[in-house]
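Geometric and topological summary
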Amino acid sequence: MQLGQVIGNVWATRKEEGLEGLKLLIVQPLNAHNEPIRNHMVAADRIGAGIGDKVLVTSGGSSRYILKERTIPIDAVVVGIVDSTEIERGGTFE
């Protein structure tokens, strides 16, 4: 899984049948210090994340299995909206 921040939406009036009903978000991957890393990605969302939300994204082949009844043509999906994080830095937590 990867931490990220939602920075935008994607609207597609014509798309593959398996994508119907999924919201598509532009997500900027973040490191543990909330600094941008790598290029942004498009991730499918079924849980209601929005612009500005920190999210957990899973990517790769396992993303295709978010629906129990069938696989869908995606390679990244939002699996959680992050409330907070805590990391240790030099013996203290931030």
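Up top is the structure these notes are about.
Notes on the structure follow. (Residues numbered from 1 in each chain as written. Predicted model: local features only at pLDDT ≥ 70, side-chain atom pairs only at ≥ 80, totals over all residues. Heavy atoms only, no water.)

Examining the overall build of the protein chain
- Of regular secondary structure, the protein chain possesses zero helices and seven strands.
- Helices and strands in the protein chain line up, N terminus first, as β-β-β-β-β-β-β.
- If one aligns the C-alpha atoms of the protein chain with their principal axes, the spans along those axes are about 50 × 25 × 20 Å.
- Residue burial in the protein chain is summarised as follows: out of 94 residues, 33% are buried.
- Here the analysis covers contacts within the protein chain between residues at least 6 apart in sequence; of these, 49% occur between residues at least 24 apart.
- Just so you have it, the protein chain exposes about 6,200 Å², and 48% of that area is on carbon and sulfur atoms.
- Counting 10 positive and 12 negative side-chain charges, the protein chain places the averaged centre of each group 6 Å from the other. (Helix = DSSP H or I, 4+ residues; strand = E, 2+ residues; numbered from the N terminus. Buried < 20%, exposed > 50% of the residue type's maximum accessible area, 1.4 Å probe, protein only. Contact = heavy atoms within 4.5 Å. Areas by Shrake-Rupley, 256 points an atom, 1.4 Å probe, with all protein chains shown as cover. Lys, Arg positive; Asp, Glu negative; His and termini not counted. Charge placed at Lys NZ, Arg CZ, Asp CG, Glu CD.)

A word on the side chain of Asp45
- The topology assignment puts Asp45 in strand E3 (residues 41-45).
- Despite its burial, Asp45 pairs with no opposite charge, the nearest such side chain being Lys23 at 4.1 Å.
- Of note is the side chain of Asp45, whose polar atom sits 3.0 Å from the backbone nitrogen of Ala49.
- Ignoring anything within four residues of it in the chain, the contact list for Asp45 reads Leu22, Lys23, Leu25 and Val78. (Salt bridge = Lys/Arg side-chain N within 4 Å of Asp/Glu carboxyl O. Polar contact = N/O pair within 3.5 Å; in protein donor to acceptor, adjacent residues only side chain to side chain.)

Let's talk about the environment of Gly61
- Its location among the elements puts Gly61 in the loop between strand E4 (54-59) and strand E5 (76-81).
- A relative accessible area of 41% means that Gly61 is categorised as partly exposed.
- On a C-alpha basis, the gap between Gly61 and Ala49 in space is 22 Å, while along the polypeptide they are 12 residues apart.

Overview of unusual backbone geometry
- Non-glycine residue Asn34 carries a positive phi angle of around 65 degrees.
- Summarising the element assignment, Asn34 is placed in the loop between strand E2 (23-29) and E3.
- Since its relative accessible area comes to 34%, Asn34 is described here as partly exposed.
- Despite not being glycine, Arg38 has its phi angle at roughly 50 degrees, a positive value.
- According to the relative accessible area criterion, Arg38 is exposed, its value standing at 57%.

With respect to the pairing of E4
- Looking at chain direction, strand E1 (residues 2-10) and E4 are connected through four bridges and run antiparallel. Looking at E4, one finds that Leu3 is bridged to Leu56.
- Sheet topology note: the E4/E5 ladder contains five bridges and is antiparallel. Bridging across to E5, Val55 finds its partner in Ile81. (Pairing = 2+ DSSP bridges.)

As far as function goes, none of this settles anything; it's purely spatial.
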